[in-house]
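Observations on the model geometry
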Amino acid sequence: MSWEEHVRRVDPYIPGEQPKESNIIKLNTNECPYPPSPAVSAAQKVFPYESGRLYPDTEATELTEAIALVYHVPADQIFVGVGSDDVLSLAFLTLFNGPGEVLFPDITYSFYDVWANLYRIPFRQIPVDEHFRIHAADYYDAPGGVVIANPNAPTGILESPAFIEDIVKHNPGTAVIVDEAYIDFGGESVLPLIDRYDNLLVVQTCSKSRSLAGMRIGFAFGSKNIIRYLKDARFSSNSYPMNGMQIALGAASFRDEAYFDEVCKKVIRTRERSKEVLRGLGFSFPDSMTNFLFAKHERLSGQEIYEALRKRGIYVRHWQKPRIGDYLRITMGTDEQMDMLFAALREILA
Ligand SMILES: *Cc1c(COP(=O)(O)O)cnc(C)c1O
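Quantities reported herein were computed from a predicted structural model and do not represent experimental measurements.

The rules we used
Residues numbered from 1 in each chain as written. Predicted model: local features only at pLDDT ≥ 70, side-chain atom pairs only at ≥ 80, totals over all residues. Heavy atoms only, no water. Salt bridge = Lys/Arg side-chain N within 4 Å of Asp/Glu carboxyl O. Helix = DSSP H or I, 4+ residues; strand = E, 2+ residues; numbered from the N terminus. Near = heavy atom within 4 Å. Polar contact = N/O pair within 3.5 Å; in protein donor to acceptor, adjacent residues only side chain to side chain. Areas by Shrake-Rupley, 256 points an atom, 1.4 Å probe, with all protein chains shown as cover. Nonpolar A, V, L, I, M, F, W, Y, C, P; charged D, E, K, R; others polar. Buried < 20%, exposed > 50% of the residue type's maximum accessible area, 1.4 Å probe, protein only. Contact = heavy atoms within 4.5 Å. Axes fitted to C-alpha atoms, helices over the stretch in contact; angles between N-to-C directions. Parallel < 35°, antiparallel > 145°, perpendicular 65-115°, else oblique. Domains from an automatic or database assignment. Buried area = accessible area lost by both parts, 1.4 Å probe. Pairing = 2+ DSSP bridges. Right-handed = clockwise from strand over helix to strand, strands pointing away. Phe/Tyr/Trp six-rings, centres within 6.5 Å; stacked < 30°, edge-to-face > 60°.

**Focus on the pattern of salt bridges**
- By the definition in use, this model includes 17 salt bridges.
- Residue aspartate 106 is joined to arginine 323 by a salt bridge in which the shortest nitrogen-to-oxygen separation is 3.0 Å. Of this pair, aspartate 106 sits in the loop between β3 (102-105) and α4 (112-118) while arginine 323 is found in the loop between β11 (314-315) and β12 (327-331), placing the two residues 217 residues apart along the sequence.

**Thoughts on the site of the ligand**
- Every residue near the ligand is listed here: Gly83, Ser84, Asp85, Leu88, Tyr109, Asp179, Ala181, Tyr182, Thr205, Ser207, Lys208 and Arg216.
- With respect to the ligand, the side chain of lysine 208 contributes an N or O atom lying 3.0 Å from an oxygen atom.
- Between the ligand and arginine 216 there is a distance of 2.7 Å, counted from an oxygen atom to a side-chain nitrogen or oxygen.
- Burial of the ligand by the protein chains amounts to 92% of its free accessible area of 380 Å².
- Here the element with the most residues in the shell around the ligand is helix α3 (residues 83-95); it accounts for 4 residues.
- Split into classes, the residues belonging to the shell around the ligand amount to 4 nonpolar, 4 polar and 4 charged.

**Notes on the side chain of arginine 271**
- Note on placement: arginine 271 falls in helix α8 (residues 257-280).
- Note on arginine 271: relative accessible area 2%, which makes it buried.
- Looking at arginine 271, its side chain comes within polar contact range of the main-chain oxygen of serine 288, at 3.4 Å.
- Dropping the residues within four chain positions of it, arginine 271 is found in contact with Phe185, Ser288, Met289, Thr290, Leu293 and Met332.

**Structural notes on the packing of α8 against helix α10 (residues 335-349)**
- As a packed pair, α8 and α10 sit with axes 11 Å apart at the nearest point and diverge in direction by 10 degrees. When the axis of α8 is compared with that of α10, the two are roughly parallel. Across the interface between the two elements, Thr270, Arg273, Ser274, Val277 and Leu278 from α8 touch Asp335, Met338, Asp339, Phe342, Leu345 and Arg346 from α10.
- Looking at the contact of α8 with α10 residue by residue, the class counts come to 5 nonpolar, 2 polar and 4 charged.

**Notes on the domain arrangement of the protein chain**
- On domain assignment, one finds that the protein chain holds domain 1 (19-36 + 258-349) and domain 2 (38-255).
- Put simply, the middle of domain 1 and the middle of domain 2, counted by C-alpha atoms, are 26 Å apart.
- On the domain 2 side, the residues contacting the 27 residues of domain 1 number 29 residues.
- Across the domain 1/domain 2 interface, buried area totals approximately 2,200 Å², and carbon plus sulfur atoms make up 67% of it.
- Across the domain 1-domain 2 interface, the total number found is 1 salt bridge.
- On inspection of domain 1 and its partner domain 2, the count reaches 7 residue pairs in polar contact (both at pLDDT 80 or more).
- Listed by contribution, the elements that provide at least two residues to the side of domain 1 that touches domain 2 are α8, β10 (292-297) and β12.
- Sorting elements by how many residues they give to the side of domain 1 that touches domain 2 places α8 first, with 7 residues.

**A closer look at the environment of tyrosine 34**
- Following the sequence through the fold, tyrosine 34 ends up in the loop between β1 (25-26) and α1 (38-45).
- When the C-alpha atoms of tyrosine 34 and leucine 212 are compared, they prove to be 10.0 Å apart, with 178 residues separating the residues in sequence.
- Setting aside chain neighbours within four positions, we find tyrosine 34 in contact with Ser211, Tyr259, Val263, Lys266, Val267, Thr270, Gly333, Thr334 and Asp335.

**A short note on the pairing of β3**
- Of the two faces of β3, the one holding Val102 and Phe104 and the one holding Leu103 and Pro105 are both buried throughout.
- Bridging between β3 and strand β4 (residues 123-126) involves 4 bridges; their strand directions are parallel. Along β4, the bridge assignment pairs phenylalanine 104 with glutamine 125.
- Between the parallel elements β3 and β4, the chain passes through α4 in a crossover that is right-handed.
- Bridge count for β3 against strand β5 (residues 145-149) is 2 bridges, and the pairing is parallel.

**Quick notes on unusual backbone geometry**
- Note that the residue after asparagine 150, namely proline 151, is joined by a cis bond; omega there is -5 degrees.
- In this structure, proline 151 sits in the loop between β5 and α5 (161-169).
- Following alanine 153, the chain continues into proline 154 via a peptide bond in cis, with omega recorded as 5 degrees.
- Within the chain, arginine 120 stands out as a residue other than glycine whose phi angle is a positive 60 degrees.
- Following the sequence through the fold, arginine 120 ends up in the loop between α4 and β4.
- Backbone geometry places serine 211, a non-glycine residue, at a positive phi of 60 degrees.
- Along the chain, serine 211 turns up in the loop between β7 (200-205) and β8 (218-222).
- When its relative accessible area of 13% is taken as the criterion, serine 211 is described as buried.

**So, the packing of aromatic side chains**
- Applying the stated criterion to the full structure yields 22 aromatic pairs.
- Each ring, one from tyrosine 13 and one from tyrosine 109, has its centre 5.7 Å from the other, and the planes form 65 degrees; the classification is edge-to-face. Of this pair, tyrosine 13 sits in the segment before β1 while tyrosine 109 sits in the loop between β3 and α4, and the two are 96 residues apart along the sequence. For the residue pair tyrosine 13 and tyrosine 109, the accessibility class agrees, reading buried in each case.
- Ring centres of phenylalanine 294 and tyrosine 327 lie 4.7 Å apart, and the angle between their planes is 15 degrees; on these two criteria the pair is classed as stacked. Separated by 33 residues along the polypeptide, phenylalanine 294 in strand β10 and tyrosine 327 in strand β12 bring together distant segments of the chain. Accessibility assignment for this pair places phenylalanine 294 and tyrosine 327 in one class, buried.

This is the structure in structure tokens:
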């Protein structure tokens, strides 16, 4: 017998490329094109380097309290982690421990099936319809739980709080995770529902709307019980997940909501303008309420456009997968970057 038979083998998630060249236009991983708040820069300048000698605060109190103030949620109903990937991964491990299948759409964040496989969680992927829409009734009485990204990725489609509540209401016996990574770009969060449904976990991130993808800060809201279960699992594997720099700089970001609002508005304006330009160039797409557009051209294939853009130093995301192979996911850059994308597309399509 070989030791390799006892290895937990997994097919890992493949993130978008982080190219090393500096003169490229990077529209492939949904980062924010604007810098973090000046308050984050100020906090970084006064961060005491000697604090590196000590272990950080296990509860990340300063960060949790800053989030509590912004969202008007008690600190014991907030969980923080190393990006929302860390929060979601731990939530899968902790909340989906039953024998029944966990349900999620076939076209959604492609980390969900990776975590399910990693933790040996049974799951079923429910096909979205031909317009990439999710149907709430497909998720009623899920045998092992539900995870829904709202807005969904990579489609960009937003559902209403009533739609999400309908799914939560029909799953009193299992946990429901709502991944709101893109909710700040025009959506309405289901955060208020955590007071009525103790099986609901609402997950958000500083990576997209707060320009802190590199800092790795994710957070979740839920009932006291659900948060306690997550913390018990967390402190059973790592007592110090968040470092001092993450805690201090993340907290600073939540103390500057004016800057956050301004950045979200700018990204939304660019998105609405980009919708018009891309339509004019022969693209169609679901009506995105995120910081990206999931667009398909009437004539050229997704692969062709992807490669032609890449040659010109413009990176977008493309999956060679059934149903979505003709689509490109284009992150909203600055208006200048988008104008360069449009110019390149005009050249490619000419
Ligand atoms: C980007 C993203 C995440 C994870 O982002 P983090 O950087 O780990 O916070 C989670 N869910 C969806 C749908 C995303 O697009």
